[in-house]
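Breakdown of the fold
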Amino acid sequence: MIFESLPTTPRSEELLDKAFSRAARAGRAKSGLEAQQSMLQTASSILSDNLENVVTRWPDFGTVDPFYYELADAIVDVDELRQSLSEVTWASRQIGELRREYQPKLRKTQPETARKHRKQAFARMADVVEEVADDLVRIGEARDALKTLPDIRPDEPAIVVAGYPNVGKSSFVNGVTRADNEIAHYPFTTRGVHVGHFERDRIRYQIIDTPGLLDRPEDERNDIERQAVSAIEHLADAVVFVLDASEACGYPLDSQLELRDAVAERFRERDVPVLTVNNKSDRSRDVDAAYQMSVETGEGVDAVLDAAVDAVAWEPDIPPSRQE
């Protein structure tokens, strides 16, 4: 997952304290002009390198998969984040320019004059870092929000499970996946996103239930949730929409079908197939559905999974065999 390895972002006060403390230690190890030169080099290197590292460890949002871009933008404002990263890049370069400006001033002069120039350089460097203090905070908060996202991989086939609450979506996901499926909590859904995996023909499939997103009509979602659904659109290779014809879920069948139609329409734009599945078929089959199953009894579950795999029609990228 592209955000999980992001390092902790230092605050401006922490960074300045680190740079100037190490510079003081470097200065004490030497004397005269050499001490002032060493302090300038140490502080400027720590500041510019740390600021640069804040930026370079982030992925390029201009090239990341649309799923991750939309997902990140649903949680943090990507435009604002990119602007802050740009400001920190500027600060790193400014520190380097200040180092180059003051290095000649610390040569062939009196130690006391060199000391004054070095202190002036430190003050200007501190001003630069303080200028991006808010940007560092914004980047740090974005890192904290994004690094805990679950490991959903756009380069692996994904089956998204949709439908009203209590129709059996989570039971279906749990029943067809290995024991290592996870429940991860996105900021835009308090009930967590259920992510499981299964394998067919040595291909690993992801199967995802998104409670709080695809379990109610569009007009009941807030802006963040709508954007999260947009991210799911980029991810999905097929959608399994689960109905409960018995209405034991607590929602009328007509409402369930209306939601199914809305989901199908939304994913149709990306040519993502939507399979209509009636769960709890041991209670009622009174609905026109492509597939009937009962997660409780196991009836039809394998057929639904086979149909979803067929709908995905995943063709892995296999390099051509080398010619002899």
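Remember, it's a predicted structure, so these values are computed and weren't measured experimentally.

On to a positive patch on the surface, then. On the surface, K18, R22, R25 and R28 cluster together into a positively charged patch. Mapping R25 onto the fold places it in helix α1 (residues 12-28).

At a closest axis distance of 10 Å, the pairing of helix α4 (residues 78-102) and helix α5 (residues 111-131) adopts a crossing angle of 170°. Put simply, α4 runs roughly antiparallel to α5. Across the interface between the two elements, W90, A91, Q94, I95, L98, R99, E101 and Y102 from α4 touch H117, Q120, A121, R124, M125, V128, V129 and E131 from α5. Of the residues in the contact of α4 with α5, the class split is 9 nonpolar, 3 polar and 4 charged.

Attention now moves to the pattern of salt bridges. Here the structure, examined in full by the defined rule, presents 21 salt bridges. One salt bridge in this structure joins R138 and E80, with 3.8 Å as the shortest N-O distance. Pair noted here: R138 is in helix α6 (residues 133-146) and E80 is in helix α4, with a separation of 58 residues, a long-range link. Exposure remark for R138: the relative accessible area of 33% places this residue in the partly exposed category.

On to the side chain of R216. With respect to the helices and strands, R216 occurs in the loop between β4 (203-209) and α8 (223-235). Among the polar contacts listed, one links the side chain of R216 to the backbone oxygen of E220, at a separation of 3.3 Å.

What counts and what doesn't
Residues numbered from 1 in each chain as written. Predicted model: local features only at pLDDT ≥ 70, side-chain atom pairs only at ≥ 80, totals over all residues. Heavy atoms only, no water. Patch = residues over 30% accessible without salt bridge, like charges linked within 9 Å, V, L, I, M, F, W, Y side chains within 5 Å. Areas by Shrake-Rupley, 256 points an atom, 1.4 Å probe, with all protein chains shown as cover. Salt bridge = Lys/Arg side-chain N within 4 Å of Asp/Glu carboxyl O. Lys, Arg positive; Asp, Glu negative; His and termini not counted. Charge placed at Lys NZ, Arg CZ, Asp CG, Glu CD. Helix = DSSP H or I, 4+ residues; strand = E, 2+ residues; numbered from the N terminus. Axes fitted to C-alpha atoms, helices over the stretch in contact; angles between N-to-C directions. Parallel < 35°, antiparallel > 145°, perpendicular 65-115°, else oblique. Contact = heavy atoms within 4.5 Å. Nonpolar A, V, L, I, M, F, W, Y, C, P; charged D, E, K, R; others polar. Buried < 20%, exposed > 50% of the residue type's maximum accessible area, 1.4 Å probe, protein only. Polar contact = N/O pair within 3.5 Å; in protein donor to acceptor, adjacent residues only side chain to side chain.

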